[in-house]
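Read off the chains here:
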Amino acid sequence: MVHFVGAGPGAVDLITVRGMELLKEADLVIYAGSLVNPALLSYCKEGIMTYDSSLLTLEQVITIIKEFENSKPGEVSIVRLHTGDPSIYGAIREQMDELEKLGITYDVTPGVTAAFGAAASLGIEYTLPGVSQSFVITREEGRTKVPEKETIQSFAAHSCSMAVYLSTGLIEKLQENLLAGGYAEETPAAIVYKATWEDEKRIVATVGSLVEAAKELGVNKTAVILVGGAVSPVGDVERSKLYSPDFTTEYRRGSDD
């Protein structure tokens, strides 16, 4: 059995309880060593086999799983430990396809993705009434293309809250496309490096100063870039209807009723 587990954004105690328990029970762990906090392996039993997938190809990962599973069919627990939440830039679908061909069962345990770790660090809410009611997770186009209708420019036209992954090394291109898409230069932005890790670094800036901010922070990878008015709202923020005394809900009668 293979368990795809989201490791969370970095801090060891931000993995889910289920994910932690699966690590404790694992006989083999294949983890994304370039991004996953290695301290998470402290949850594992002593002496188990571990592999750093940053050094492996998909074929090598599947071969390791196949051989280990075949050594004791149905008796071993394998954890495939991915950074953040495995459904976001985790490349898990291709692994699942190969496991299905081999008849190896699997399940998925979600995790906290970096954008939410970054929001917690900055104390922000992505969906503020009157500011933004939509939140986009995307990336700048690099060696891997993005669909034509999902470019940074196309999302920027909506002026919604945005978390941009895998793009710190393309910061000049990203800033250009954010501005070309419709964000004003003074639109709030932030860069959070290794959100929730002990060596986390963060800086609040604007879309027009993102390149300078990245240089000041001294980072070109392992960071999430946040964009939109919700990152640093100006003035008093409109209250939500949910807790307004004049708004009736299913559970509480308001003065408007």
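See the structure shown above.
Residues numbered from 1 in each chain as written. Predicted model: local features only at pLDDT ≥ 70, side-chain atom pairs only at ≥ 80, totals over all residues. Heavy atoms only, no water.

With that settled, the discussion passes to the overall build of the chain. On a plain count of helices and strands, the chain comes out with seven helices and ten strands. By principal-axis analysis of the C-alpha atoms, the chain measures approximately 60 × 50 × 35 Å. Split into buried and exposed, the 257 residues of the chain put 45% on the buried side. At a minimum sequence separation of 6, the contacts of the chain that also span at least 24 residues come to 65%. Of the roughly 13700 Å² that the chain leaves accessible, carbon and sulfur atoms contribute 51%. Measuring between centres, the 22 positive side-chain charges of the chain sit 2 Å from its 36 negative side-chain charges. (Helix = DSSP H or I, 4+ residues; strand = E, 2+ residues; numbered from the N terminus. Buried < 20%, exposed > 50% of the residue type's maximum accessible area, 1.4 Å probe, protein only. Contact = heavy atoms within 4.5 Å. Areas by Shrake-Rupley, 256 points an atom, 1.4 Å probe, with all protein chains shown as cover. Lys, Arg positive; Asp, Glu negative; His and termini not counted. Charge placed at Lys NZ, Arg CZ, Asp CG, Glu CD.)

Moving on, we come to the environment of Ile 191. Relative to the assigned elements, Ile 191 resides in strand 8 (residues 188-193). If sequence neighbours within four positions are ignored, Ile 191 has contacts with Lys 201, Arg 202, Ile 203, Leu 210, Ala 213, Ala 214, Leu 217, Val 219, Ala 223, Val 224 and Ile 225.

With that settled, the discussion passes to the pairing of strand 10 (residues 223-227). Along strand 10, five of the five residues are buried, which leaves the element largely enclosed by surrounding structure. Relative to strand 10, strand 7 (residues 161-165) is paired through three bridges, and the arrangement is antiparallel. Among the inter-strand pairings, Val 164 is bridged to a residue of strand 10, identified as Ile 225. Across five bridges, strand 8 lies against strand 10 in antiparallel orientation. (Pairing = 2+ DSSP bridges.)

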